[in-house]
Amino acid sequence: MTTSPAPTQAAPLSGVREAVRRTPAYPFTAIDAPIKLDQNESALDLPPELRALALERLATQEWNRYPDLHADTLRHKIAAFEDWDPSGVVVTPGSNVLIKLLTELAGLHQTVLSVQPTFSVYTLESSLLGAETVLMPLNPDFSLPVEALSAELGGGGPGLLFVTQPHAPTGHLDAEADVRAVLDAAGEGWIAVLDEAYHQFSALDGRALVRGRENRVSLRTFSKAWGLAGLRLGYALTSPALAAHLQKLVSAFNVNILTQTVAEVALEHPGYVRERAAQTIAERERVLSALRHHPVYTALPSQANFFLLRTPDADAAYRHLLSRGILVRRQDKLPMLEGCLRISIGTPEQNDALLAALGEISQ
Ligand SMILES: *Cc1c(COP(=O)(O)O)cnc(C)c1O
C-alpha cells in the first residue's frame, strides 16, 4: 500500500498569486453624509418619467431567462447613438470591468503605461495582473507629458496605454493635438485606450481620434453624465477586430436584463443627458468663479463634473466640510496633489451649501 507523501509545509494561502497578495485592496470607505460630493456621480437620478417607463418595461420581461448573450439590442442602440459600427461596441457592468479586461488583453506579462497621478483602477488592475506599470509624471500644469510618453511608446511595449480626457483626478483637458500626438506615438505594439468617462462635461469628443484605428479604444460609461452609476454599465468603442478579441474576455451574459432595459430606455431619450451636462458645466463655472478670491483655498480649473481644491491642510478642510454635512474625496496623498480635495459638482442647492461652508474659512 502506498501512502501519499505528506504535503510540504507551505505558507497560508500561498496558492494566491504573489501579485494578488502584494496588491492592496481598492481604497474606498463609504461614509454617510447628506451632501455627497465624493464620487463624481450625477446629483440627479434618471428623470422620473423614464424611470416609470423602464419599470413598466421590466414588468413585462421574463426574469427567469438569461439575457441576450452579448446584449445585442443594447449594443446596437449604443452604436446608433454614438454613430459607431455595432461590431466595434463591447458592453460590461461598468467601464471598470473593461479596464480589467483590457489589462488582461494587452497588459498581462506586458507593460501598462499611463501618467502620474492617474485613475487608481488602472494601476490596481495592472498590479493584480502582474503587468509592468510605467507612469510618466504630468507636467506641473497637469498637461500630458507628450514627449516622455512618446519616447516610452516608441522604445517600449508591447502593452497598454491609458490616456484619460478630461483627466482624472485633476479635471484637466489637453489640447486635441497633444492627445492625438500621444495616440499617434502608440504603434502596432500598443493598445491605446482613451478613457472618456467625463467627456460630456468637456470640449473634447474623442471618437474622431479612435475611429478607423484598429488598436484604439474609447471607454465610455453610464455612471457619470447619464446618472446611472447604480446600474453598472460601461462600453468600449473600438475596431471590429479588437472588439472581437475583447469580447472573448467578457464573461457570458455579463450585463443583466435590468441594466440592459433601463439603459435602452435612457438611450431612446438622451436629451436629458445633454441638458444636465450643460447645467453641470454652468454650475462648475459658477462654483469656480465664486472661489476665485478665496483667502485660503485654491480651486483648480476643470473640464469635468468635479474639481480639485488645494488647501493648506487637507485633513482639516475635509473634516470641516463633513461637519457641515458635505462629503468630498481626499486626494492629498497622490503625487503632485498635496493638500488637494476632489469635489463633485452637485445640485445648485448643494453647491450653495459647499460655498457657504468654504466661506466660513478665512485663515
Ligand atoms: C468614474 C470613472 C469611470 C467609470 O467607471 P464605471 O465602472 O463605468 O462606473 C471610468 N474611468 C474614470 C477615469 C472614471 O473616473
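Residues numbered from 1 in each chain as written. Predicted model: local features only at pLDDT ≥ 70, side-chain atom pairs only at ≥ 80, totals over all residues. Heavy atoms only, no water.

**Student:** I tried to follow the overall build of the protein chain on my own but got confused; where do I start?
**Tutor:** Along its length, the protein chain carries 13 helices and 13 strands. Dimensions along the principal axes, computed over C-alpha positions, put the protein chain at roughly 80 × 50 × 50 Å. Contacts in the protein chain between residues at least 24 apart in sequence constitute 72% of all its contacts with a sequence separation of at least 6. Carbon and sulfur atoms make up 55% of the accessible area of the protein chain, which totals about 16900 Å². Each charge class in the protein chain was averaged separately, 31 positive and 40 negative side chains, and the resulting centres sit 3 Å apart. (Helix = DSSP H or I, 4+ residues; strand = E, 2+ residues; numbered from the N terminus. Contact = heavy atoms within 4.5 Å. Areas by Shrake-Rupley, 256 points an atom, 1.4 Å probe, with all protein chains shown as cover. Lys, Arg positive; Asp, Glu negative; His and termini not counted. Charge placed at Lys NZ, Arg CZ, Asp CG, Glu CD.)

**Student:** Before we go on, may I ask you to explain the pairing of strand β4 (residues 132-137) in this structure?
**Tutor:** Each regular strand displays side chains that alternate between the two surfaces of the sheet. Here strand β3 (residues 111-116) runs beside β4; their pairing, made up of 6 bridges, is parallel. If you follow Thr111 over to β4, its bridge partner there is Glu132. Crossover β3 to β4 through helix α5 (residues 120-128) is right-handed. (Pairing = 2+ DSSP bridges. Right-handed = clockwise from strand over helix to strand, strands pointing away.)

**Student:** I'm lost on the packing of helix α4 (residues 95-107) against helix α9 (residues 240-249) in this one. Help?
**Tutor:** Packed helices, taken two at a time, are described by the angle their axes make and the gap between the axes. Contact pair α4 / α9: the axes reach a minimum separation of 10 Å and the direction vectors enclose 105°. If you check the angle between α4 and α9, you find them roughly perpendicular. Side by side, α4 and α9 meet where Leu98, Leu101, Leu102, Glu104 and Leu105 of the first sit next to Leu242, His245, Leu246 and Leu249 of the second. Of the residues belonging to the contact of α4 with α9, the class tally is 7 nonpolar, 1 polar and 1 charged. (Axes fitted to C-alpha atoms, helices over the stretch in contact; angles between N-to-C directions. Parallel < 35°, antiparallel > 145°, perpendicular 65-115°, else oblique. Nonpolar A, V, L, I, M, F, W, Y, C, P; charged D, E, K, R; others polar.)

**Student:** Got a minute to help me understand the nonpolar core in this structure?
**Tutor:** Nonpolar side chains in soluble globular proteins tend to end up buried together. Among the nonpolar cores identified, the biggest contains 59 residues, and Ile78, Leu161 and Phe222 are the most heavily contacted of them. Sort the elements by how many residues they give to this core and helix α10 (residues 257-268) lands first, with 6 residues. The residue makeup of this core includes at least three contributed by each of domain 1 (18-46 + 272-358) and domain 2 (63-268). Phe222 has contacts with Ile78, Gly227, Leu228, Ala229, Leu233, Tyr235, Ala263 and Leu267, leaving out every residue within four places of it along the chain. In terms of nonpolar packing, the next biggest core, distinct from the first, is built from 25 residues, Tyr297, Val328, Ala357 and Leu358 among them. (Core = buried A, V, L, I, M, F, W, Y, C linked by side-chain atoms within 4.5 Å. Buried < 20%, exposed > 50% of the residue type's maximum accessible area, 1.4 Å probe, protein only. Domains from an automatic or database assignment.)

**Student:** What is the right way to look at the UniProt feature "domain: Aminotransferase class I/classII large" (unreviewed entry) in the protein chain in this model?
**Tutor:** The feature "domain: Aminotransferase class I/classII large" (unreviewed entry), as annotated in UniProt, sits at residues 35-358 in this numbering. Segment residues 35-358 splits into 41% helix and 18% strand. End C-alpha atoms: 14 Å apart. (UniProt positions renumbered as here; feature names shortened; annotations may be inferred.)

**Student:** So what exactly am I meant to see when it comes to the domain arrangement of the protein chain here?
**Tutor:** Accessible area lost upon the coming together of the parts is a frequently used measure of interface size. Taken domain by domain, the protein chain holds domain 1 (18-46 + 272-358) and domain 2 (63-268). Summarising the inter-unit geometry, the C-alpha centres of domain 1 and domain 2 are found 24 Å apart. Tallying the contact residues gives 33 residues for domain 1 and 33 residues for domain 2. Of the roughly 2500 Å² buried between domain 1 and domain 2 on both sides combined, carbon and sulfur atoms contribute 68%. Our enumeration of links across domain 1 and domain 2 arrives at 0 salt bridges. Viewed at the interface, domain 2 and domain 1 are joined by 6 residue pairs in polar contact (both at pLDDT 80 or more). Contributions of two or more residues to the side of domain 1 that touches domain 2 are made by α1 (18-21), α11 (271-290) and β10 (306-310). Examining the composition of the side of domain 1 that touches domain 2, we find that 6 residues originate from one element, α11, more than from any other. (Buried area = accessible area lost by both parts, 1.4 Å probe. Salt bridge = Lys/Arg side-chain N within 4 Å of Asp/Glu carboxyl O. Polar contact = N/O pair within 3.5 Å; in protein donor to acceptor, adjacent residues only side chain to side chain.)

**Student:** Please explain the site of the ligand as it appears in this structure.
**Tutor:** What surrounds the ligand is a group of 13 residues, the closest being Ser95, Tyr198, Thr221, Ser223 and Lys224. Between the ligand and Asn96, the relevant distance is 2.9 Å, taken from an oxygen atom to a main-chain nitrogen or oxygen of the residue. In isolation the ligand has 390 Å² of accessible area, and contact with the protein removes 93% of it. (Near = heavy atom within 4 Å.)

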